[in-house]
Amino acid sequence: MLIDSYDRVVDYIRVSVTERCNFRCQYCMPEKPFSWVPKENILSFEDLFEFLKIAMDEGVKKIRITGGEPLLREDLDKFIKMIYDYKSDIDLAMTTNGYLLKGVAQKLKDAGLKRLNISIDSLKPEVAQQIAGKDVLANVLEGVEEALKVGLKVKINMVPMKGVNADEIVDVLEFCKERGMTIRFIEYMENSHASIDIKGMKSAELLSHLREHYNFIDEGFDGNSPSHYFKMDDGYEFGLIEPYEDDFCKKCNRIRLTAEGYLIPCLYFDEAMSIKESIQRGDIKGAALVLKEVVRTKPEKNRWSEASDEVSTRAFYETGG
């Protein structure tokens, strides 16, 4: 079992299989051209799997595949099957923008994937294009429908931004409600790679807006999830993710692995340790020691607060956001 210095059990790892993405979302990586990490610097699926075996043996129960956009990496379903075949009861999930999902949803399900998180920031094609930098909405919606059809559990993420998509909060919620999907509204996370023009919507503003349309009660946090949930009169639940609140960190049970092999204890800290050399020379003990040290040094909470001017310099597309 992996336990950090604040007695939190760390049993969840997010694995970025690529930093590449086919979107240029305004809140993540809007600028072009973009300098990608050379392909030879990226760990192979076999190397990533060797490390994940160590993590699972040490008590990791949940693995989320992320990017960049993970579906840009060829043979992703084979990597998922490697994990599933090693530990079939692992909670195996993926975060994707959904653009390429329609053609691979069945393969992902057959390989052992259980759940998906997909971003839908707008149901208006022109607004979705403004946010993502390309015409994406039709493909994303087709991918969502296909995922539901093959039996994957789907959650939707939305980042409300003033003057962009904040007027669609109810529309996106209703879209998810009609299809039995949970929606989570994510406060915009300031970072040095995002557009300087973004004005995010704080949770208090969002809840005030939703109260004009619905009655709901506070359900609190769902286990170690960063999502703060609310239940409407008809039983439908929606979530908020509020990175500025201390509650976001109190029960944090996750670490992150980048495609280059950097193991990160907290999304909002620049500190990291590499497992690449140990894994590539077959030093399982050395990689396990890195894992335990990263867990030991996991910070109590992130550096953000409402009163702070701290802005993350970490590129979220490297770590899955």
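In case you missed it, the structure is sitting above this.
Just so it is clear, the model here is predicted, and its values are computed rather than measured.

### Remarks on the pattern of salt bridges
Next, step 1: As enumerated under the stated definition, the model contains 17 salt bridges in all.
Next, step 2: The salt bridge partner of Lys78 is Asp75, with a shortest N-O separation of 3.7 Å.
Next, step 3: A single network of salt bridges, built from pairs that share partners, joins Glu145, Glu178 and Arg179.

### Some points on the sheet that holds strand S10 (residues 254-257)
Next, step 1: Taken in spatial order, the 12 strands make up an open sheet running S7-S8-S9-S6-S5-S4-S3-S2-S1-S10-S11-S12, and their pairing is mixed. A single partner strand is all that each edge strand has here, and the edge strands are strand S7 (216-221) and strand S12 (273-274).
Next, step 2: The pairing of strand S2 (residues 62-66) with strand S3 (residues 91-96) spans 4 bridges and is parallel. Paired with Lys62 across the strands is Asp91, a residue of S3.
Next, step 3: Relative to strand S6 (residues 182-186), helix H6 (residues 169-178) is tilted by about 150°, and along the sheet it contacts strand S5 (153-158), S6, strand S8 (227-232) and strand S9 (237-241).

### Section: unusual backbone geometry
Apart from glycine, the bulk of residues carry a negative phi angle, and the bulk of peptide bonds sit in the trans form.
Next, step 1: With omega at 10°, the peptide bond leading from Gly67 into Gly68 counts as cis.
Next, step 2: Tracing the sequence through the fold places Gly68 in the loop between S2 and helix H2 (76-86).
Next, step 3: One non-glycine residue, Asp7, adopts positive backbone phi at about 65°.
Next, step 4: Within the secondary structure, Asp7 sits in the segment before strand S1 (12-16).
Next, step 5: We classify Asp7 as exposed; its relative accessible area is 68%.

### Some words on the environment of Glu46
Next, step 1: Tracing the chain through its elements places Glu46 in helix H1 (residues 45-57).
Next, step 2: Between the C-alpha atom of Glu46 and that of Phe79, which follows or precedes it by 33 residues, the distance is 8.0 Å.

### Some thoughts on the packing of H1 against H2
Next, step 1: Look at H1 against H2: their axes get within 10 Å of each other, and the N-to-C directions meet at 25°. One way to sum up the angle between H1 and H2 is to call them roughly parallel. Relative to H2, H1 is oriented so that their crossing is right-handed. Contacts from Phe45, Glu46, Leu48, Phe49, Leu52, Lys53, Met56 and Asp57 of H1 reach H2 at Leu76, Phe79, Met82, Ile83 and Tyr86.
Next, step 2: Classifying every residue of the contact of H1 with H2 gives 10 nonpolar, no polar and 3 charged.

Rules behind the numbers
Residues numbered from 1 in each chain as written. Predicted model: local features only at pLDDT ≥ 70, side-chain atom pairs only at ≥ 80, totals over all residues. Heavy atoms only, no water. Salt bridge = Lys/Arg side-chain N within 4 Å of Asp/Glu carboxyl O. Pairing = 2+ DSSP bridges. Helix = DSSP H or I, 4+ residues; strand = E, 2+ residues; numbered from the N terminus. Contact = heavy atoms within 4.5 Å. Axes fitted to C-alpha atoms, helices over the stretch in contact; angles between N-to-C directions. Buried < 20%, exposed > 50% of the residue type's maximum accessible area, 1.4 Å probe, protein only. Parallel < 35°, antiparallel > 145°, perpendicular 65-115°, else oblique. Left-handed = near helix turned anticlockwise from the far one by under 90°. Nonpolar A, V, L, I, M, F, W, Y, C, P; charged D, E, K, R; others polar.

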